[in-house]
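This is what each chain is made of:
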Amino acid sequence: MMETKNGRLFFDGCDVTELAKKYGTPLYVYSQTAIERRFDELRRDFLDRWPGSRVAYAAKAFCTTGMCRLVERAGMCVDVVSGGELYTALAAGFPPERIEFNGNNKLPGELELAVDRGVGRIIVDGAHELEAIEALCAARGKRMKVLYRVTPGVKADSHDYIVTGKKDSKFGFPLDEDVIYPAVERAVAAPHVDFLGFHFHIGSQLFDASPYLQAVEAVLELVRQVRDRFGVRVSELNLGGGFGITYTTEERRPYRYYLDPMLERIAACFDALELPRPAVVIEPGRSIVGDAALSLYTVGAIKEIAGVRKYVAVDGGMTDNIRPALYQAVYRGILANKADAAPAETVTVCGKCCESGDILLRDAALPAAESGDILAVLSTGAYGYSMASNYNSNPIPAVVLVKDGRDELMVRRQSYEDLIRNQIIPASLNS
Ligand SMILES: *Cc1c(COP(=O)(O)O)cnc(C)c1O
């Protein structure tokens, strides 16, 4: 997707230095081609190989109406985790039956919206939630398809903040006999709920297939148990997301690396139990959009601290990409207007927020940077825009979608007016 022409960095056919001029910086730039290729890979390597399978894009990685439209047009489903994401998908015209609703503390109003609009699935996170759904559906004469999210008790190897499958987790049902089996019994007995099966999501940015396989084994044991105990036939398994991407190189593991061993085990187990093979769903987020976008910044102040380091400050920072500060995430940067210049110095690229932790690139090898240069930080498509904040009252940047040399605005840059739009000076302070 990236190439260098006449010393300029191009992304999906667009000269990003020109994009920076046209739209201003900071700017998120998403490549439609990169996203569509990822969907093609999922179609070829997963959907076409397992009847009844679905991909539910985890919207939280990057959730805008334009992105929802891309997902919809690719024929995929979407996984939402809040009323706001659900609203965004609906506003984009996403068919409700292709929306799946996750989350550990779905609010009454969020569940009501999901039931009223008729989402395809609710992934139930705990006992009280099942009761709430049953009550909502009963009052409206509706039915809802549900899965139970379980915590299979595996410890995936990733940053602690994004590991979710261990037993000590706020997510899902623990696999204790006295918890999960009565809960399944209640779901099966609930008159307005169709219990389809189990869901797990063990973490994010994972590179190893083995925790997935361990989780699958735990869930297959559940499948066997609920059949033997209650005669329940599980018809759907959701394996979550979490497939890792590399931020500093172009290599990554194909989906098949993670999925094939799991699908093989699921097929073998269901065949042995003489159950029809279930629908299998995955929820990739980061692996679809992560390396499909870059962020553009304008270099401002440059400060050399003798014998210590050289700081190159840009016009964004932790407000548009919190991941380096939050997870010590490492990114790669390129000076877009000097794209074929050799690295000349090692610098620390920092943002403009009032926090010393506001660092985007630590010890980055860059060509000699000058004020006014355009810095591209690569692979910022996941959990960048979606985690952006207005800290220091910095407006949230614009988002542009590019494809084959065409560029279109997907999110307008916030204005100063936007920043105070919901603010009110209390009347008592007005006199
Ligand atoms: C975050 C999340 C995902 C997506 O994770 P990625 O690492 O972005 O693929 C999928 N499912 C659930 C339930 C999640 O919370």
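Analysis parameters
- For every chain, the first residue of its written sequence is number 1, and the numbers climb from 1 along that sequence.
- Totals for whole chains, interfaces and linings use every residue, but because this is a predicted model, local features are given only for residues with pLDDT of at least 70 and side-chain atom pairs only at 80 or more, for both listing and counting.
- Excluding hydrogens and water, the side-chain values take into account all heavy atoms of the structure.
- UniProt positions are given in the numbering used here, feature names are shortened, and annotations may be inferred rather than shown by experiment.
- Elements are defined by DSSP. Helices are runs of H or I of four residues or more, strands are runs of E of two residues or more, and each kind is numbered from the N terminus.
- To sort residues, take the accessible area from a 1.4 Å probe on protein chains only and compare it with the maximum for the residue type: under 20% means buried, over 50% means exposed, and anything in between is partly exposed.
- Throughout, a contact is declared for two residues whenever any of their heavy atoms are within 4.5 Å.
- Each accessible area value is a Shrake-Rupley result obtained with a 1.4 Å probe; residue values ignore everything except the protein chains displayed when judging cover.
- In summary, the charge assignment counts Lys and Arg as positive and Asp and Glu as negative, without counting His or the chain termini.
- Lys charges are placed at NZ, Arg charges at CZ, Asp charges at CG and Glu charges at CD.
- For Phe, Tyr and Trp, where Trp contributes only its six-membered ring, two rings pair if their centres lie within 6.5 Å, and the inter-plane angle classes them as stacked under 30 degrees, edge-to-face over 60, or tilted in between.
- Charge over a ring is defined by NZ of Lys or CZ of Arg lying within 6 Å of the ring centre and within 35 degrees of the ring normal.
- Within this document, salt bridges are pairs made up of a side-chain nitrogen of Lys or Arg and a carboxyl oxygen of Asp or Glu, the two lying within 4 Å of each other.
- To form a nonpolar core, buried Ala, Val, Leu, Ile, Met, Phe, Trp, Tyr and Cys residues must be joined to one another through side-chain atoms within 4.5 Å.
- All domain edges in this entry derive from an automatic or database-based domain assignment.
- Near residues are defined by distance, with any heavy atom within 4 Å of the molecule or strand qualifying the residue.
- Polar contact is the term for a pair of N or O atoms within 3.5 Å; when the atoms are in protein, one must be able to donate a hydrogen and the other to accept it, and sequence-neighboring residues count only if both atoms are side-chain atoms.
- Here the nonpolar group is Ala, Val, Leu, Ile, Met, Phe, Trp, Tyr, Cys and Pro; Asp, Glu, Lys and Arg are the charged ones; every other residue, Gly included, is treated as polar.
- Buried area, as used here, totals the accessible surface that two parts lose on assembly, with accessibility defined by a 1.4 Å probe and the loss added over both.

- Under an unreviewed UniProt entry, the name given to the protein chain is Diaminopimelate decarboxylase, and the source organism is Intestinimonas butyriciproducens.
- Under the UniProt heading Pathway (unreviewed entry), the note attached to the protein chain is "Amino-acid biosynthesis; L-lysine biosynthesis via DAP pathway; L-lysine from DL-2,6-diaminopimelate: step 1/1."
- According to the UniProt record, the Catalytic activity (unreviewed entry) comment for the protein chain reads "meso-2,6-diaminopimelate + H(+) = L-lysine + CO2".

### Some details on the overall build of the protein chain
(1) Moving on: Secondary structure summary: the protein chain contains twelve helices and 21 strands in total.
(2) Moving on: Summarising its shape, the C-alpha atoms of the protein chain cover approximately 70 × 65 × 40 Å along the three principal directions.
(3) Moving on: A buried classification covers 56% of the 431 residues belonging to the protein chain.
(4) Moving on: Long-range pairs, those at least 24 residues apart, make up 69% of the contacts in the protein chain with a sequence separation of at least 6.
(5) Moving on: Here the protein chain displays about 18400 Å² of accessible surface, and carbon together with sulfur accounts for 49% of that area.
(6) Moving on: Put simply, the protein chain has 50 plus and 57 minus side-chain charges, and the middle of one group is 2 Å from the middle of the other.

### A short note on the packing of aromatic side chains
(1) Moving on: Inspection of the entire model under this criterion finds twelve aromatic pairs.
(2) Moving on: Consider the rings of Phe62 and Tyr385, whose centres lie 5.8 Å apart with planes at 75 degrees: the pair is edge-to-face. Of this pair, Phe62 sits in the loop between strand E5 (54–58) and helix H3 (65–73) while Tyr385 sits in the loop between strand E19 (374–378) and strand E20 (398–403), and the two are 323 residues apart along the sequence. With respect to burial, Phe62 and Tyr385 carry one shared label: buried.
(3) Moving on: An aromatic cluster of three or more residues is present, and its members are Tyr212, Phe243, Tyr255, Tyr257 and Tyr258.
(4) Moving on: The ring of Tyr181 is capped by Arg229, whose NZ or CZ atom sits 3.9 Å from the centre of that ring.
(5) Moving on: Between Arg253 and the ring centre of Tyr257, over which it is positioned, the NZ or CZ distance is 4.2 Å.

### Some details on the UniProt feature "binding site: pyridoxal 5'-phosphate" (unreviewed entry) in the protein chain
(1) Moving on: Cross-referencing UniProt, the feature "binding site: pyridoxal 5'-phosphate" (unreviewed entry) maps to Gly242, Glu283, Pro284, Gly285, Arg286 and Tyr383 in the present numbering.
(2) Moving on: Along the chain, Gly285 turns up in the loop between strand E13 (279–282) and helix H10 (286–289).
(3) Moving on: For Gly285, a relative accessible area of 4% translates into the label buried.
(4) Moving on: When near neighbours in sequence (up to four residues on either side) are disregarded, Gly285 contacts Tyr57, Ala58 and Ala61.
(5) Moving on: Locating Arg286 in the fold gives a position in helix H10.

### Some points on the pattern of salt bridges
A pair can form between side chains of opposite charge whenever their charged atoms are brought close.
(1) Moving on: In this structure the tally under the stated criterion is 31 salt bridges.
(2) Moving on: As a salt-bridge pair, Lys22 and Asp407 come within 2.6 Å of each other at their nearest N and O atoms. Pair noted here: Lys22 is in helix H1 (residues 16–23) and Asp407 is in strand E21 (residues 406–411), with a separation of 385 residues, a long-range link.
(3) Moving on: Here Glu221 makes a salt bridge to Arg224, at a shortest N to O gap of 3.1 Å. Remark: Arg224 and Glu221 occur in helix H8 (residues 210–230); sequence separation between them is three residues, near one turn of the helix.
(4) Moving on: One continuous salt-bridge network, built from bridges that share partners, spans Arg8, Asp15, Glu18 and Lys21.

### As for the nonpolar core
(1) Moving on: Core analysis: the largest hydrophobic core is formed by 97 residues, its most contacted members being Tyr30, Tyr57, Ile122, Tyr148, Phe198, Leu237 and Val289.
(2) Moving on: Lining this core are residues from two domains, each supplying at least three of them: domain 1 (2–29 + 290–419) and domain 2 (63–284).
(3) Moving on: By size, the runner-up hydrophobic cluster in this structure holds 20 residues, among which are Cys14, Val16, Leu19 and Val402.

### Things to note about the site of the ligand
(1) Moving on: Around the ligand, the surrounding shell holds 15 residues, and the nearest of these are Lys60, Ser204, Glu283, Arg286 and Tyr383.
(2) Moving on: One of the side-chain nitrogen or oxygen atoms of Lys60 is found 2.6 Å away from an oxygen atom of the ligand.
(3) Moving on: Between the ligand and Arg286, the relevant distance is 2.7 Å, taken from an oxygen atom to a main-chain nitrogen or oxygen of the residue.
(4) Moving on: Coverage of the ligand by the protein amounts to 95% of the 390 Å² it exposes when considered alone.
(5) Moving on: Taken together, the residues of the shell around the ligand break down into three nonpolar, seven polar and five charged.

### Remarks on the UniProt feature "binding site: substrate" (unreviewed entry) in the protein chain
(1) Moving on: Per the UniProt record, "binding site: substrate" (unreviewed entry) is annotated on Arg286, Arg323, Tyr327, Glu355 and Tyr383. These residues run over 98 residues, and the two farthest C-alpha atoms among them are 26.5 Å apart, placing them at more than one spot.
(2) Moving on: Residue class for Arg286 comes out buried when judged on its relative accessible area of 4%.
(3) Moving on: Tracing the backbone shows Tyr327 in helix H11 (residues 323–327).
(4) Moving on: According to the relative accessible area criterion, Tyr327 is buried, its value standing at 13%.

### Some points on the domain arrangement of the protein chain
(1) Moving on: When cut into domains, the protein chain gives domain 1 (2–29 + 290–419) and domain 2 (63–284).
(2) Moving on: On a C-alpha basis, the centroid separation for the pair domain 1 and domain 2 is 34 Å.
(3) Moving on: Taken together, the contacts link 15 residues of domain 1 with 14 residues of domain 2.
(4) Moving on: In this assembly, domain 1 packs against domain 2 so that about 1200 Å² is buried in total across both faces, 61% of it on carbon and sulfur atoms.
(5) Moving on: Considering only the surface of domain 1 that becomes buried against domain 2, Tyr327, Arg332 and Met410 emerge as the three largest contributors, covering 33% of it.
(6) Moving on: At the surface where domain 1 touches domain 2, the tally comes to one salt bridge.
(7) Moving on: Where Asp291 meets Arg252, a salt bridge forms, and the shortest distance between an N and an O atom there is 2.9 Å.
(8) Moving on: The interface formed by domain 1 and domain 2 contains two residue pairs in polar contact (both at pLDDT 80 or more).

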